[in-house]
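An overview of the molecular structure
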Amino acid sequence: GVTLAHRIGRPYLEVTGLAHGSELAALRSYTRGAQRSRQAIDLARQHGWSDEPFVAVAYTVLGGAMVSQGQLGEAERWLGHAARTLQPAVEPAVGVHLHYAHGGLEMARGRHADAIAAFRAARQLAETLVTAHTLAGAMRAHMLESLVLLGETPQVERSVAELGPHEREGGEMRNVIALVRLARHDPQGATAALAPVLDGSVRSHPVWVVAAALLEAIARDALGDPGAA
């Protein structure tokens, strides 16, 4: 669609395609997602559309990619631009993504209460969608992680216990369970929760595998095994 829009001289369609395509690209590669969102942003700027709501998805993807790559100052700038241009009532799915990315930014800065507020805002918007948002599971996991880091471990334990077996056994929730067990000074239990993620028997997005490896290192260190850590 982007190629055809470029060929027939329809820049609006080209920007829209690049912007939404950047969301898909970012699922596999933050670098590729950032590259495509910048293409959309640059093309929009050429046509005087930088403040139009339909460009917000590109700002959101770029901001989220910068969070994931640790470029927090740049992330804040792009997410702020997205917040100023987005109309959540028109694009609620993009609004979910924006709040989710903002929650990630706050987590990265250690502002866990603010992260929880952002994730809750994302969840409220997600409830207006007909089908589940692709980020729904990740949002829930990150919110629970933030609660653990705020010391609300009992609340997280209750929330995890209320989940169905399929969701509780997934890679995202296994990381949450491991974090809870580390907070409870049970590193052995944490390694047991993480084992299926690290050996590949539970399929997980690479981001969660990386997080599991970090949690495993913390657990092994607590067990007095610095080599494994």
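Scroll up a little and you will see the structure.
Note that the structure is predicted; figures quoted are calculated from it, not measured. Sequence order as written defines residue numbering, which begins from 1 separately in each chain. For this predicted model, a pLDDT threshold of at least 70 governs which residues receive local features, and a threshold of 80 or more governs which side-chain atom pairs are given and counted, while totals over whole chains, interfaces and linings are taken from all residues. Note that water and hydrogens are dropped before the side-chain values are worked out from all heavy atoms of the structure.

What follows is about the overall build of the protein. By the criteria applied, helices consist of DSSP H or I runs no shorter than four residues and strands consist of E runs no shorter than two, each listed in order from the N terminus. Helix and strand counts for the protein come out as 13 helices and zero strands. When the helices and strands of the protein are placed in sequence order, the string is α-α-α-α-α-α-α-α-α-α-α-α-α. C-alpha atoms define the radius of gyration in this analysis, and the globule rule sets the expected value at 2.2 Å times the number of residues to the power 0.38. Taking 2.2 N^0.38 as the reference for a compact globule, 229 residues should give roughly 17 Å; the C-alpha atoms of the protein span a radius of gyration of 19 Å, in line with that estimate. Expressed as lengths along the three principal axes of its C-alpha atoms, the size of the protein is roughly 60 × 35 × 30 Å. Out of the 229 residues belonging to the protein, those deemed buried represent 45%. The rule is simple: take the accessible area with a 1.4 Å probe, protein chains only, and divide by the maximum for that residue type; under 20% is buried, over 50% is exposed, in between is partly exposed.

In summary, the pairing rule links any two rings of Phe, Tyr or Trp, Trp by its six-membered ring, whose centres are within 6.5 Å, and it sorts them by plane angle into stacked for under 30 degrees, edge-to-face for over 60 and tilted for everything else. Counting across every chain of the model gives five aromatic pairs. Considering the side-chain rings of Tyr100 and Phe119, the 6.1 Å spacing of their centres and the 50 degrees angle between planes classify their relative orientation as tilted. One end of the pair, Tyr100, is in helix H6 (residues 92-108); the other, Phe119, is in helix H7 (residues 112-126), with 19 residues separating them in the sequence. Note on Tyr100: relative accessible area 17%, which makes it buried. Phe119 gets classed as buried once you look at its relative accessible area, which sits at 1%. Through a chain of ring-to-ring contacts, three or more aromatic side chains come together here, namely Tyr12, Trp49 and Phe54. Over the ring of Trp78 we find Arg77, and its NZ or CZ is 4.6 Å from the ring centre. The criterion is that NZ of a Lys, or CZ of an Arg, lies within 6 Å of the ring centre and within 35 degrees of the ring normal, and then a charge sits over that ring.

Let's shift gears to the side chain of Glu106. Checked against the element boundaries, Glu106 lands in helix H6. Any pair of residues with heavy atoms lying within 4.5 Å of one another is described as a contacting pair. Residues within four places of Glu106 in sequence aside, it is in contact with Arg111, Asp114 and Ala115.

Multiplying one less than the number of residues by 1.5 Å gives the expected span of a helix. Its 17 residues give helix H3 (residues 30-46) an end-to-end C-alpha distance of 24 Å, which sits within 8% of 24 Å, the value for a rise of 1.5 Å per residue. If you follow the buried residues of H3, they end up packed against helix H2 (11-28), helix H4 (56-68) and helix H5 (72-85). Within two residues after H3, Gly48 carries a phi angle of roughly 75 degrees, on the positive side.

Let us now look at the environment of Leu150. Structurally, Leu150 is set in the loop between helix H8 (136-149) and helix H9 (153-161). Classification of Leu150 by relative accessible area gives partly exposed; the value is 41%. Considering only alpha carbons, one finds Leu150 and Gly110, 40 residues apart in sequence, at a separation of 9.8 Å. Contacts of Leu150, omitting those with residues within four sequence positions, involve His112, Ala113 and Ile116.

Considering the arrangement of structural elements, one finds Ser22 in helix H2. Side-chain polar atoms of Ser22 contact the backbone oxygen of Ala19, separated by 2.4 Å. When residues no more than four places from it in sequence are discounted, the contact partners of Ser22 are Gly33, Arg36, Ser37 and Val61. The definition of a polar contact used here is a pair of N or O atoms within 3.5 Å, where within protein one atom must be able to donate a hydrogen and the other to accept one, and adjacent residues in sequence count solely through side-chain atom pairs.

Turning our attention to helix H13 (residues 206-222). A turn of α-helix holds 3.6 residues, and therefore any two residues three or four places apart point the same way. Taking 1.5 Å as the rise per residue, H13 with 17 residues should run 24 Å; its terminal C-alpha atoms sit 24 Å apart, in good agreement. The inward-facing, buried residues of H13 abut H8, helix H11 (171-183) and helix H12 (187-198).

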